[in-house]
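# Residue-level structure breakdown
Letter by letter, the chains look like this.
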Amino acid sequence: MSTSSPTSSPTSSSTDPARELRAEVVVAAPPRVVWQALTDLRAMATWSPELVRMVALKPGGLRRGQWYVGVNRRGAFVWPTRNVVAVLDPERTLAWDTPTSGARWVYELAAEGEGTRVVHRRPVPEGPSRLSSLVAGLLLGGAAEHAEELEQGMARTLEGLRAAAERASAA
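Residues numbered from 1 in each chain as written. Predicted model: local features only at pLDDT ≥ 70, side-chain atom pairs only at ≥ 80, totals over all residues. Heavy atoms only, no water.

## Some words on the overall build of the protein
From N to C terminus, the protein includes four helices and eight strands. Each helix (α) and strand (β) of the protein, taken in turn from the N terminus, gives the series β-β-α-α-β-β-β-β-β-β-α-α. A compact globule built from 171 residues should have a C-alpha radius of gyration of about 16 Å, and the protein, at 16 Å, falls within 12% of that. With respect to the three principal axes, the spread of C-alpha positions in the protein is 45 × 40 × 30 Å. Per-residue burial for the protein yields a buried fraction of 44% across its 171 residues. A separation threshold of at least 6 residues defines the contact pool for the protein, and within that pool the share at least 24 residues apart is 50%. Surface accessibility of the protein: about 8,600 Å² in total, with carbon and sulfur atoms responsible for 52%. Taken together, the 20 basic and 18 acidic charged side chains of the protein have centroids lying 7 Å from each other. (Helix = DSSP H or I, 4+ residues; strand = E, 2+ residues; numbered from the N terminus. Rg over C-alpha atoms; globule rule 2.2 N^0.38 Å. Buried < 20%, exposed > 50% of the residue type's maximum accessible area, 1.4 Å probe, protein only. Contact = heavy atoms within 4.5 Å. Areas by Shrake-Rupley, 256 points an atom, 1.4 Å probe, with all protein chains shown as cover. Lys, Arg positive; Asp, Glu negative; His and termini not counted. Charge placed at Lys NZ, Arg CZ, Asp CG, Glu CD.)

What follows is the structure, encoded as structure tokens:
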């Protein structure tokens, strides 16, 4: 099976920071293996250009309703986000809401041949929060620019996920 490089594709105006960001990749590993890699949140921080760390705030591990603090970095600027696991459907969907920004971060897995298609989306159902817009405008080069950077970062994150899952599958 051949794998594809992660792609990102704007779903509306590329200058609209509230647009749904999207990236996807086909991984040469079954959903079970991709899920194991995806739910290792320590590893996710090594794949993402912006995420430094995810820290659980309540006992019980990864589960629906679990709270995490995401520590993010862009250059010298470091900021926290509060995240709540909203969807946890093993081997299918992992999503968390980030009230700090108004975003939902979604990973969807689907078997495709002997591999797995992973779609990573970032909708902002109610639009970006005021805090998010202010921080993006003052410290991240502008909301539209940061959205573009995030979408590219999503594709890089999927590349890391793909590589980790394919290594694990081959082992």
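## Digging into the packing of helix 1 (residues 31-38) against helix 4 (residues 143-170)
Look at helix 1 against helix 4: their axes get within 9 Å of each other, and the N-to-C directions meet at 125 degrees. Here helix 4 runs oblique to helix 1, going by the angle between their axes. Of the two elements, helix 1 crosses helix 4, and the hand of that crossing is right-handed. Across the interface between the two elements, V33, V34, A37 and L38 from helix 1 touch L161, A164, A165, A168 and S169 from helix 4. Its residues assigned to classes, the contact of helix 1 with helix 4 shows eight nonpolar, one polar and no charged. (Axes fitted to C-alpha atoms, helices over the stretch in contact; angles between N-to-C directions. Parallel < 35°, antiparallel > 145°, perpendicular 65-115°, else oblique. Left-handed = near helix turned anticlockwise from the far one by under 90°. Nonpolar A, V, L, I, M, F, W, Y, C, P; charged D, E, K, R; others polar.)

## Quick word on the packing of aromatic side chains
Applying the stated criterion across every chain yields a total of two aromatic pairs. Relative to W79, the ring of F77 has its centre 5.0 Å away and its plane inclined at 15 degrees; by these criteria the two rings are stacked. Taking the relative accessible area as the measure of exposure, W79 reaches 12% and is therefore buried. Stacked on the ring of W67, the Lys or Arg R82 has its end atom at 5.4 Å from the ring centre. (Phe/Tyr/Trp six-rings, centres within 6.5 Å; stacked < 30°, edge-to-face > 60°. Lys NZ or Arg CZ within 6 Å of the ring centre and 35° of its normal.)

## With respect to the pattern of salt bridges
Between side chains of opposite charge, a pair can form when the charged atoms approach closely. In the structure shown here, the tally under the stated rule is 12 salt bridges. The residue E151 makes a salt bridge to R19 at a minimum N-O spacing of 3.1 Å. Placement of E151 in helix 4 and of R19 in the loop between strand 1 (7-8) and strand 2 (21-27) is noted, with a sequence separation of 132 residues between them. Taken individually, E151 and R19 each receive the classification buried, so the pair is uniform in this respect. For R162, the salt bridge is made with E166, and the minimal N-O distance between the two is 2.6 Å. Residue R162 and its partner E166 are both found in helix 4; the two are separated by four residues, about one turn of the helix. Of the two residues, R162 and E166, neither departs from the other in class, the shared state being buried. (Salt bridge = Lys/Arg side-chain N within 4 Å of Asp/Glu carboxyl O.)

## With respect to the pairing of strand 8 (residues 115-122)
For strand 8, the buried fraction is high: seven of the eight residues fall into the buried class. Bridge count for strand 2 against strand 8 is seven bridges, and the pairing is antiparallel. Within strand 8, the position partnered with L21 by the bridge is R122. By the bridge criterion, seven bridges tie strand 7 (residues 103-112) to strand 8 in an arrangement that is antiparallel. Paired with A111 across the bridge in strand 8 is T116. (Pairing = 2+ DSSP bridges.)

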